[in-house]
Amino acid sequence: MENIQSQDHIQPRKGRGKLIWQFLKGSKAFFIICMLCSAISGLAETVTPQIVRVTVDNIIGSTPVDTLSPFIRSLLDAFGGADHLRRNLWIMALAVVAVSVIKVAAVYCFRVFNARGSETLVKNMRDTLYRHIEHLPFQWHMQNHTGDIIQRCTSDIDTTRNFISEQLIVLIRILFMLIMSMMFMFSMNVGLTLIAMIPLPVILWYSLFFHHKFRKGFQECDENEGKLSAMVQENLTGVRVVRAFGRERYERDRFGKQNSFYTSLWVKLGRLMAFFWCSADILSGVQIMLVVIFGVLFCLNRGMTAGEFIAFISYNGMLVWPVRQLGRMISEMSKAGVGIDRIGYIMDAEEEKDAPGSLEPPMNGDIRFDHVSFSYEGSPEMLHDVSLTIPAGTTLGILGGTGSGKSTMMYLLDRLYDLPEDGGKITIGGTDIRQIRREHLRRNVGIVLQEPFLFSRTLRENIGITVPDLQEEELRTAARAACLDDTIQSFTKGYDTAVGERGVTLSGGQKQRAAIARMLTRPTPIMIFDDSLSAVDTETDAKIRAELEKRFGSATIILISHRITSLAKADQVLVLDHGRVAQLGTPEELSKQEGLYKEIENIQADSSESLIRETNPLPQESIAANGSEAGMVNDDRKARKEVNA
Ligand SMILES: Nc1ncnc2c1ncn2[C@@H]1O[C@H](COP(=O)(O)OP(=O)(O)O)[C@@H](O)[C@H]1O
Ligand SMILES: [Mg+2]
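Conventions and cut-offs
- Residues numbered from 1 in each chain as written.
- Chains lettered and ligands numbered in written order.
- Predicted model: local features only at pLDDT ≥ 70, side-chain atom pairs only at ≥ 80, totals over all residues.
- Heavy atoms only, no water.
- Near = heavy atom within 4 Å.
- Polar contact = N/O pair within 3.5 Å; in protein donor to acceptor, adjacent residues only side chain to side chain.
- Areas by Shrake-Rupley, 256 points an atom, 1.4 Å probe, with all protein chains shown as cover.
- Donors = N, O, S within 2.8 Å, 3.2 Å for Na, K, Ca; no water.
- Helix = DSSP H or I, 4+ residues; strand = E, 2+ residues; numbered from the N terminus.
- Buried < 20%, exposed > 50% of the residue type's maximum accessible area, 1.4 Å probe, protein only.
- Domains from an automatic or database assignment.
- Core = buried A, V, L, I, M, F, W, Y, C linked by side-chain atoms within 4.5 Å.
- Contact = heavy atoms within 4.5 Å.
- Pairing = 2+ DSSP bridges.
- Axes fitted to C-alpha atoms, helices over the stretch in contact; angles between N-to-C directions.
- Salt bridge = Lys/Arg side-chain N within 4 Å of Asp/Glu carboxyl O.
- Right-handed = clockwise from strand over helix to strand, strands pointing away.
- Phe/Tyr/Trp six-rings, centres within 6.5 Å; stacked < 30°, edge-to-face > 60°.
- Lys NZ or Arg CZ within 6 Å of the ring centre and 35° of its normal.

**Looking at the site of ligand 1**
Part 1 of the reasoning: In the neighbourhood of ligand 1, the contacting residues comprise Tyr376, Ser379, Met382, Gly401, Thr402, Gly403, Ser404, Gly405, Lys406, Ser407, Thr408 and Tyr417.
Part 2 of the reasoning: Between an oxygen atom of ligand 1 and a main-chain N or O atom of serine 404, the distance comes to 3.2 Å.
Part 3 of the reasoning: Contact distances for ligand 1 include 2.4 Å between an oxygen atom and a side-chain N or O atom of threonine 408.
Part 4 of the reasoning: For ligand 1, whose unbound accessible area comes to 560 Å², protein coverage reaches 64%.

Next comes the structure, spelled out in structure tokens:
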């Protein structure tokens with residue numbers, strides 16, 4: 001969170017325009033039509049006061065028509081001249097209606113095309129962002145909070161849409177109206193126009209001054225909304241932990257505090273805006289007062305006609321309104337600027353790309369870690385000069401304390417994190433994995449992660465997720481190999497049992513086995529089990545391993561485990577200690593050497609079996625089949641005892 005937020009304090013991002021242009025693909029035409037419609041409606045609006053003016057001065061009044069411009073005179077002639085129109089005043093009324101109809105039609109088209117344009121734009125933005133996020137490196141996802149990313153993909157998209165479909169288009173309309181009304185005003189009375197314009201820079205400056213304050217306020221609100229959603233998201237995800245440790249009150253207080261702070265920000269901003277709008281009202285009142293006073297004086301002394309005065313007041317309204325709007329536009333644009341920058345933060349993150357000329361070599365060769373050193377961004381070095389070879393088709397067991405870098409080694413092998421150039425290299429069949437196409441590599445390296453993730457779908461979908469159109473028999477074979485088939489059969493809905501969000505309705509061991517079954521539906525030449533049997537009991541663990549051996553004899557297997565009984569079957573075992581190779585050899589060799597392996601072997605030989613019976617007097621399946629909290633806690637406790645052993 002800290003990380004992502006600090007990014008927001010950077011200066012307004014360069015290339016906002018470029019980003020918007022990219023998102024506008026496919027909706028530009030709609031917005032151009034919108035602008036045209038907007039111009040037509042603006043024109044219609046500025047024509048109406050002219051009709052009123054001519055009616056008052058030249059048709060009802062007695063001002064001679066030769067003071068009018070030749071264009072208006074020719075229009076009057078076309079309708080039968082001033083005298084004819086005086087006898088048929090309805091024609092002038094009809095003209096006002098006709099202009100209104102044109103205006104309304106233009107506004108209608110504007111709305112229709114604006115809706116099409118903005119929906120196309122938003123769809124395009126969502127598609128682009130989703131595609132981009134999907135291709136961002138694992139590391140980026142680890143560094144950024146899901147809640148915050150989701151907020152950027154929803155409310156910030158909305159802000160951007162409003163910016164383009166409302167503010168930008170309205171801004172163009174405002175400028176158009178300003179120019180048109182000023183032109184008409186100048187054509188009628190230069191002196192009064194200049195007087196009307198004097199206060200405008202003050203009104204504009206006033207808006208700009210507040211714009212700066214609004215920008216800051218919106219940014220703060222946005223950031224805190226992100227924090228709030230991240231907090232909610234984390235709490236919902238970790239609801240079990242919160243309940244289990246009785247942390248509801250603490251979490252509620254924490255949420256309450258953040259929520260109050262967030263609310264107070266909006267209230268503060270609301271007060272500022274209220275002040276701005278009211279004081280700006282006073283300013284524009286002053287401007288109107290000036291125009292009225294001087295207008296009356298011009299009428300009395302300088303021969304300004306009544307029609308001109310009425311039209312002038314109308315145009316003045318069209319002048320003051322847009323300048324006021326300009327203030328609002330600017331303040332909303334500042335919010336949009338923040339939103340666009342927040343989306344820009346995501347778009348700026350670099351997607352995973354394969355080097356040109358990437359290879360797709362056969363993946364059934366030896367795996368070699370060659371002087372591998374690695375550190376996570378901003379952290380001290382984590383793996384130090386790790387070298388070992390895993391001959392093709394053999395099994396490597398890895399043993400090591402929590403945080404010793406076991407999972408990190410696997411992430412590197414699967415290129416979830418990239419090894420820097422000076423961090424040594426990892427090769428498969430002699431090819432540096434940096435030169436292997438990522439998709440090819442990951443298709444061939446099956447990995448069961450330490451914390452298996454299940455989607456809130458059925459077991460069938462979860463297990464068969466990597467293989468489209470998986471046959472029932474293949475599905476069951478995979479589940480059987482993972483010792484899960486019997487359990488699933490015992491559920492009322494069998495394979496069609498929904499697992500709840502992230503698999504909450506399954507026990508830890510069941511989740512792990514579902515993840516294993518998922519991998520077994522698509523056997524790969526390299527298979528990694530990252531502590532993935534920690535939550536199943538020793539017998540099931542042995543059964544699963546026997547199944548694997550039987551079915552995948554030729555695969556290279558990496559097995560991270562804390563169970564000596566599992567590791568004892570490996571061809572060689574690596575003992576990792578704080579990111580260093582502490583021991584490497586066959587299980588027999590290691591059980592003769594002094595070191596972690598032997599220590600754990602002794603402890604587990606003494607106590608593990610009796611421990612298991614004590615902590616878990618019920619047969620494993622009967623606990624797991626409940627899918628209950630108790631089942632999971634038991635699984636976890638047992639696993640922990642073995643780890644701690
Ligand atoms: N994304 C990450 N960013 C920074 N540090 C990390 C990250 N993931 C793991 N670490 C750190 O790297 C060390 C090794 O982690 P890991 O490889 O998961 O250990 P193990 O699997 O052996 O328990 C730990 O100290 C952990 O805190
Ligand atoms: Mg790990």
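Next, the rest of the story.
**Quick notes on the coordination of the magnesium ion (ligand 2)**
Part 1 of the reasoning: Distances from the magnesium ion (ligand 2) to its protein donors, Ser407 (OG) and Gln450 (OE1), fall within 2.0 to 2.3 Å. Pair noted here: serine 407 is in helix H14 (residues 406–413) and glutamine 450 is in the loop between strand S6 (445–448) and helix H16 (459–463), with a separation of 43 residues, a long-range link.
Part 2 of the reasoning: For serine 407, a relative accessible area of 14% puts it in the buried group.

**Here's the deal with the domain arrangement of the protein**
Part 1 of the reasoning: Taken domain by domain, the protein comprises domain 1 (2–348) and domain 2 (394–417 + 433–644).
Part 2 of the reasoning: The gap between the C-alpha centroids of domain 1 and domain 2 is 58 Å.

**Side note on the nonpolar core**
Part 1 of the reasoning: Ranked by size, the top nonpolar core spans 33 residues in total, and within it Ile463, Ile516, Leu520, Met527 and Phe529 carry the most contacts.
Part 2 of the reasoning: Taken together, the elements giving at least two residues each to this core come down to H16, helix H17 (472–481), helix H19 (508–520), strand S7 (526–530), helix H20 (538–551) and strand S8 (556–560).
Part 3 of the reasoning: With 6 residues, H19 is the single largest residue contributor to this core.
Part 4 of the reasoning: Isoleucine 516 has contacts with Val448, Ala482, Phe529, Ser532 and Leu533, leaving out every residue within four places of it along the chain.
Part 5 of the reasoning: Core analysis: the second largest hydrophobic core is formed by 31 residues, Phe374, Leu416, Ile433 and Ile558 among them.

**Comments concerning the pairing of strand S9 (residues 572–577)**
Strand residues, when the strand is regular, have side chains that alternate between the two faces of the sheet.
Part 1 of the reasoning: Counting buried residues along S9, 5 of its 6 residues qualify, which places the element largely inside the surrounding structure.
Part 2 of the reasoning: By the bridge criterion, 5 bridges tie strand S3 (residues 395–400) to S9 in an arrangement that is parallel. Residue leucine 399 lies in a different strand from S9, and its bridge partner there is valine 575.
Part 3 of the reasoning: Summarising the sheet, S9 and strand S10 (residues 580–585) pair through 5 bridges and their orientation is antiparallel. Looking at the pairing, leucine 576 lines up with valine 581 of S10.

**Details of the sheet that holds S6**
In a beta sheet, neighbouring strands are held together by backbone hydrogen bonds and run either parallel or antiparallel to one another.
Part 1 of the reasoning: Overall, mixed pairing links the 6 strands, which are arranged S6-S7-S8-S3-S9-S10 in an open sheet. Strands with a single pairing partner mark the edges of an open sheet, and in this sheet they are S6 and S10. Averaged over all adjacent pairs, the angle separating strand axes in this sheet is 15°, with direction ignored.
Part 2 of the reasoning: Where S3 lies against S8, 4 bridges are found, and the strand directions are parallel. When the bridges of S8 are listed, leucine 396 appears paired with isoleucine 558.

**Observations regarding the pattern of salt bridges**
Part 1 of the reasoning: Under the criterion given, the structure shown has 31 salt bridges.
Part 2 of the reasoning: Residue arginine 161 pairs with aspartate 158 through a salt bridge whose shortest N-O separation is 3.2 Å. With arginine 161 and aspartate 158 both in helix H8 (residues 146–188), this residue pair falls 3 residues apart, about one helical turn.
Part 3 of the reasoning: A residue is classified by how much of its surface remains accessible, and arginine 161, at 16% relative accessible area, is buried.

**What to know about the sheet that holds strand S5 (residues 431–432)**
Part 1 of the reasoning: Judged by pairing direction, the sheet is antiparallel, and its 4 strands sit side by side in the order S2-S1-S4-S5 without closing on themselves. The two strands at the open ends of the sheet, each matched to only one other strand, are strand S2 (383–390) and S5.
Part 2 of the reasoning: Pairing between strand S4 (residues 425–428) and S5: 2 bridges, direction antiparallel. Paired with threonine 427 across the bridge in S5 is aspartate 432.

**Digging into the environment of aspartate 537**
Part 1 of the reasoning: Mapped onto the fold, aspartate 537 is located in the loop between S7 and H20.
Part 2 of the reasoning: Counting along the chain gives 393 residues from aspartate 537 to asparagine 144, while the straight-line C-alpha distance between them is 35 Å.
Part 3 of the reasoning: Of the polar contacts made by the side chain of aspartate 537, one reaches the side chain of threonine 540; its length is 2.7 Å.

**Considerations on the pairing of S7**
Part 1 of the reasoning: Across the 5 residues that make up S7, a large majority, 5, are buried.
Part 2 of the reasoning: Side chains Ile526, Ile528 and Asp530 of S7 all project onto a buried face; the interleaved residues Met527 and Phe529 project onto the opposite face, where all are buried too.
Part 3 of the reasoning: Note: S7 against S8, 5 bridges, orientation parallel. Bridging across to S8, phenylalanine 529 finds its partner in leucine 559.
Part 4 of the reasoning: One crossover worth recording links S7 to the parallel S8 by way of H20, and it is right-handed.

**A short note on the packing of aromatic side chains**
What characterises a pair of aromatic rings is the spacing of the ring centres plus the angle enclosed by the ring planes.
Part 1 of the reasoning: One pass over the full model with this rule turns up 20 aromatic pairs.
Part 2 of the reasoning: Judged by centre distance (5.5 Å) and plane angle (90°), the rings of phenylalanine 209 and phenylalanine 210 are edge-to-face.
Part 3 of the reasoning: Phenylalanine 210 gets classed as buried once you look at its relative accessible area, which sits at 4%.
Part 4 of the reasoning: With centroids separated by 5.2 Å and ring planes inclined at 80°, the aromatic side chains of phenylalanine 374 and tyrosine 376 adopt a geometry described as edge-to-face.
Part 5 of the reasoning: Accessibility expressed as a relative area gives 21% for tyrosine 376, which makes it partly exposed.
Part 6 of the reasoning: Feature note: the residues Trp205, Tyr206, Phe209, Phe210, Phe214, Phe275, Phe276 and Trp277 constitute an aromatic cluster, connected by ring pairs.
Part 7 of the reasoning: Its guanidinium or amino end placed over the ring of tryptophan 21, lysine 28 lies 4.3 Å from that ring's centre, counting from NZ or CZ.

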